[in-house]
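Coordinate analysis (summary)
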Amino acid sequence: MDDELDSGSTAPTGTTPTGSNLHDWNTGLSGPDPFTALDAHSLSGTSDMKAAAAAGPATGSSRPDQTGRGRSKPRPEWRDPAELPGVQGAHTGAFGQKLQALDDAARTVMAVMDSIDVNALSDPEVVALTQMVERTGRPVDAARVATATVVGYRARTGLGSESLAWRLGTSHPTDLLIRLTGMSGPEMKRRVSLGEKVAPRMLGGLVLEPEFPFVAAALAAGEIGLDAAENIVKGLADYKVHGRFDADQSLVDGGEAELVESATGSVFARTPGPGDTNTDTDGAGPACTGPVRRLGASAGFTFPADRIREMAATWQAVLNPDGAAPTAEILEAKSTFSFGKLSQGLHPLRGGVTPELKGIMQNLFNTFQSARSAPAFPSADEQQRIEAGELVPGEILDERDGGQKRADILRGILVQVAQDPRTPTMGGIPPTVMVHVNATDLINGVGVGWIDGVEGPVSMKTINQMVDNGGFRPIFFGGTGAVLALGDKVRCFTPLQRTAITARDGGCIIPGCTCPPQWTEVHHVTPWQNGGPTNVSNGVLLCWYHHHNIDTSGWHIRMVLGMPEVKAPHWIDPTATWRKPPQHRAHDPKYRRQDE
């Protein structure tokens, strides 16, 4: 492997490639077949002396399918590059001094951080340190992108045995980058993908500026983070030359410059080129054609990377205002929704929705979540009830995060649709989830159940909740497994019973819960397993969340003269007082007209 690396295709160390060899660059928009320019000695090893010695012209064919260079040549075994003489030689001489300077800088950063007790810093100090650490890391991030992109290009599989990956004993560019850095494959692909857009390009032996020159200049200046840079590149890539959409390139450059300014708080613009008659960079007169440089601080605001992504989407509409119309049908057809494989007890949701559908869903979620998140203060009547011990004081804590709340809202919507008599049937049966569980397991409260077509098991806790709300129908099997009889549905509240309970409770009876009654489930106060009857005097309305957690949340429910009472957990109500939940509005005095 030492010989393979030593006589490979890398450029002389410490120098910038200027020739027409495609290996000198990390992108190849166009150019000749790379194999026609390769031979065993065309490029250097790891020292300037070796580079000069290896600069002689090639003789004979250099294609990898020729003798001595073919793909049948055994691939070298992987070794730690630090053990290779060529890499060891890179740490000597002028380039070795540069590597040592980088190592010294890293040690300086570690020494400074070791001298700081972050937990003991004051608020101003920790704020200043956070900003400085981010600023210090950005040049390193830019260097990581640059080096990964160059390695990825020189290791591309199309080079055959001339590939840097092949010569170092790895299977493909990402494999090589993973071994060199210890990072993940997605991270290395991310760096290479960004680097291909912000690195110089090669065209017919000429060096061209990066595809995104303003982003490249901001990265080189250490003023933009990788997230913001990626958002700009992804947002405008389709509008660059050879992109999917036709756009005025002067507008594209203007959009890139404005997004970079918004992300960095600095103005980047082109400086005067060799043939420019205008030396002003303030936009007056003909545009400059020189390289992009930082000109100074911006007078506007600086925005985070997430906001830059949104601003890039706005620029897409500016660059191609008619683009949505011809592609809307295509994008609509691509909208999809599916379930992923079971993982850690959950089926991931996959797909995408159109903007208008997201707007409908988002507004629906916000409508129901706002009722829980809005601040509430007791009215005079509620204050009297608190003082009388009939109402739990303070806000009821809901430990669910936003995602869990949205999932429960979606559950309520789907359950309501499934129970709607207008919902289409399947084989004459309304959409009903059938859970199969062994009768012995159900009685003993152990084991799991199964839903046809779903690979994941259903816990006994969930089964009991479903039985509590919808009942069950026993099926009797013989010794051979044949069905002997189908029993009647039992433990199920009838529609009339549910109507009566809804008229009494008006919704989930847990104080502070605003779940509408049509999304609630009917809960047996005395469990059906313990002989609790299925009647109005033993049923109360609970939302799915409170029903699912009623045995572990600390809430307790009892029936007194046909009316429910609740006792809050001790951390909400230390007095452990039984209280009547809010009544249906039809029975609440404050909603009724009072006689004069």
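Here we summarise the structure given alongside this text. (Residues numbered from 1 in each chain as written. Predicted model: local features only at pLDDT ≥ 70, side-chain atom pairs only at ≥ 80, totals over all residues. Heavy atoms only, no water.)

Brief notes about the side chain of Thr174
Just so we agree on the cut-off: The numbering of helices and of strands both runs from the N terminus, where a helix is a DSSP run of H or I of at least 4 residues and a strand a run of E of at least 2. Buried means the residue's accessible area, taken with a 1.4 Å probe over protein chains only, is under 20% of the maximum for its type, while exposed means over 50%, and partly exposed covers the values in between. Two residues qualify as a contact provided that any one of their heavy atoms is within 4.5 Å of a heavy atom in the partner residue.
Of note, Thr174 is situated in helix H7 (residues 173–181). You can call Thr174 buried: its relative accessible area is 17%. Dropping the residues within four chain positions of it, Thr174 is found in contact with Gly185 and Lys189.

Structural notes on the sheet that holds strand S9 (residues 458–459)
Formally: Criterion used throughout: strands pair if DSSP finds at least two bridges between them.
Spatially, S7-S8-S9 is the arrangement adopted by the three strands of the open sheet, whose pairing is antiparallel. The sheet is open, and its two edges are formed by strand S7 (435–436) and S9, each paired on a single side. The pairing of S7 with strand S8 (residues 448–451) spans two bridges and is antiparallel. Considered in S8, the bridge of His436 is made with Trp450.

Brief notes about a nonpolar patch on the surface
Cut-off, in case you're wondering: Patch criteria: residues need more than 30% relative accessible area and no salt bridge. Like-charged residues are merged within 9 Å; nonpolar side chains of Val, Leu, Ile, Met, Phe, Trp and Tyr are merged within 5 Å. We get accessible surface area from the Shrake-Rupley algorithm with a probe of 1.4 Å; when it comes to residues, only the shown protein chains can shield them. Salt bridges are defined as contacts in which a side-chain nitrogen from Lys or Arg sits within 4 Å of a carboxyl oxygen from Asp or Glu.
Together, Val109, Met113, Val118 and Val133 make up a nonpolar patch on the protein surface, roughly 280 Å² of accessible area in all. Of note, Val118 is situated in the loop between helix H4 (93–114) and helix H5 (123–154). Val118 gets classed as partly exposed once you look at its relative accessible area, which sits at 37%.

Thoughts on the packing of aromatic side chains
What counts here: Geometry of aromatic contacts follows a simple scheme: Phe, Tyr and Trp rings, the Trp one being its six-membered ring, pair when their centres are within 6.5 Å, and the pair is stacked under 30 degrees between planes, edge-to-face over 60, tilted otherwise. Two limits define a charge over a ring: the Lys NZ or Arg CZ must be within 6 Å of the ring centre, and within 35 degrees of the ring normal.
Within the structure shown, the criterion is met by zero aromatic pairs. Above the face of the Tyr153 ring, Arg156 is positioned so that its terminal group lies 3.8 Å from the ring centre. In this arrangement the basic side chain of Arg307 is found over the ring face of Phe303, its NZ or CZ atom lying 5.8 Å from the centre.

A look at the nonpolar core
Rules: The nonpolar core is taken to be a set of buried Ala, Val, Leu, Ile, Met, Phe, Trp, Tyr and Cys residues, with the residues joined through side-chain atoms within 4.5 Å.
Val198, Val215, Leu219, Ile224 and Ile232 are the most contacted members of the largest nonpolar core, which totals 33 residues. Once residues lying within four places of it in the same chain are set aside, the contact partners of Ile232 are Phe212, Val215, Ile224, Glu256, Leu259, Val260 and Ile308. Residues Phe365, Ile413, Cys543 and Ile550 belong to the second largest nonpolar core, which totals 19 residues.

Observations concerning unusual backbone geometry
Even without being glycine, Leu561 reaches a positive phi, approximately 55°. The residue Leu561 is located in the loop between strand S14 (556–560) and strand S15 (563–567) in this model.

As for the environment of Thr149
When you line up the elements, Thr149 lands in helix H5. Judged by relative accessible area, Thr149 falls into the buried class, the value being 1%. Taking the C-alpha atoms as reference, Thr149 lies 8.9 Å from Met188; in sequence the two are 39 residues apart.

Considerations on the pattern of salt bridges
Any two side chains of opposite charge can pair, given that their charged atoms come close. Per the stated rule, a full pass over the model turns up 19 salt bridges. Between Arg190 and Glu187 there is a salt bridge; the shortest N-O distance is 3.4 Å. Separated by three residues within a single helix, Arg190 and Glu187 lie in helix H8 (residues 185–198), roughly one turn from each other. Of the residues examined, Arg190 reaches a relative accessible area of 26% and is grouped as partly exposed. The class of Glu187 is buried, set by a relative accessible area of 16%. For Glu211, the salt bridge goes to Lys197, with nearest N and O atoms at 3.5 Å. Of this pair, Glu211 sits in the loop between strand S2 (206–208) and helix H9 (213–220) while Lys197 sits in helix H8, and the two are 14 residues apart along the sequence. Relative accessible area serves as the criterion here: at 18%, Glu211 is assigned to the buried category. Members of the salt-bridge network, linked through shared partners, are Glu187, Arg190, Arg191, Asp227 and Glu230.

Looking at H8
How we decide: Working rule for helices: expected span equals 1.5 Å times residues minus one.
In this model, H8 (14 residues) spans 20 Å end to end at C-alpha, consistent with the 20 Å of a helix rising 1.5 Å per residue. The complete set of buried residues in H8 reads Gly185, Glu187, Met188, Arg191, Val192, Leu194, Gly195 and Val198. Check the buried side of H8 and you find it contacts H5, H7, H9 and helix H10 (226–236).

Shape descriptors only; they carry no functional weight alone.
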